[in-house]
Amino acid sequence: MNQPTRGLHQQIVDILGERIVRGVHAPGSSLYPDRIEQELQVSKTVLREALRVLASKGLIDSRQKRGTFVRPRSDWNLLDGDLLRWQGQGIPDAGFLDNLAEVRGIVEPAGARLAALRRNDDDLAALAEALERMATAGKDTDAMVEADLAFHRSLLAATHNELLTRMEVVLEAGLRVRNHLVHGADHWTDSIPAHDAVLTAVRSQDPDLAERAVHALLDQAGADLRNVIENRPPEETG
């Protein structure tokens, strides 16, 4: 491979990490570095660094006499951005989508309440800009996804709670997977009015209305996702 070492290193991290979270390398199973080096055609140095990264995420461990092995899922850093991304690759597991929906249902309504109470002019401008980007995205799936992500990041930022804002890594994973599935379909419900209702409530500094608006938005998002999954061709249901 003629790619820069850093890029190659991340590639190997991604390949092995996704295999682990997908169950190709199940918890408790052994990894054999020599075999991986030959399969992926990488140097010992590159593989060693990649394994070190995976170990820092709680995915693997190495011990004398036992070698390198996959740790139990309970040891994984499931809130790590890479792990969330790997779980959402391709056709995501239904349990993963359900977990993300539950987290969004807990975090975002509460976040909207705080945003309504604490937002400033810059926050409102960021939300309005993201909504405008959503409105102009049309059928451009990537543009719609990025604009939607920007709206929800801005909503969390408007809480002015540093820890709550960091939840964007979880919300982004769920939104990105959900949005690519839904907006990549032939038809979907127009989500602009639901997002506009959230912005209106936050602008009016009405926490109860903001919370209800987010619940309505999440209900619509969940219904759209279920519709896409239920109507997915048999070969894609895996």
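In short, a report on the structure.

Procedures and definitions
Residues numbered from 1 in each chain as written. Predicted model: local features only at pLDDT ≥ 70, side-chain atom pairs only at ≥ 80, totals over all residues. Heavy atoms only, no water. Helix = DSSP H or I, 4+ residues; strand = E, 2+ residues; numbered from the N terminus. Expected span 1.5 Å × (residues − 1). Buried < 20%, exposed > 50% of the residue type's maximum accessible area, 1.4 Å probe, protein only. Arc of directions from axis to C-beta. Salt bridge = Lys/Arg side-chain N within 4 Å of Asp/Glu carboxyl O. Pairing = 2+ DSSP bridges.

**Considerations on helix α3 (residues 44–56)**
In a regular helix each residue adds 1.5 Å, so 13 residues correspond to 18 Å; α3 covers 18 Å between its end C-alpha atoms and thus fits that length. Among all positions in α3, only V46, L47, A50, L51 and L54 are buried. The arc that holds the buried residues of α3, viewed along the axis, is 130°, so those residues lie on one side. Looking at the residues trailing α3, positive phi occurs at G58, about 80°.

**Here we look at the pattern of salt bridges**
Under the criterion given, the structure shown has 14 salt bridges. With its nearest N and O atoms 3.0 Å apart, the salt bridge here joins D80 to K57. Linking D80 in the loop between β3 (67–70) and α4 (81–87) with K57 in the loop between α3 and β2 (60–63), this pair joins segments that are 23 residues apart in sequence. Per residue, the accessibility class of D80 equals that of K57, and both read buried. Here D208 and R113 are joined by a salt bridge, their closest N and O atoms 2.7 Å apart. Taken together, the residues D208 in helix α11 (residues 207–230) and R113 in helix α5 (residues 94–118) connect sequence positions 95 residues apart. Among the residues examined, D208 registers a relative accessible area of 41% and is labelled partly exposed. Each of the salt bridges in this network shares a partner with another, and the network as a whole consists of D14, K57, D80, D82 and R85.

**A look at the sheet that holds β2**
Strand order across the open sheet formed by 3 strands is β1-β3-β2, with antiparallel pairing between neighbours. The two strands at the open ends of the sheet, each matched to only one other strand, are β1 (30–31) and β2. The pairing of β1 with β3 spans 2 bridges and is classified as antiparallel. Bridge pairing in β3 links S30 to F69.

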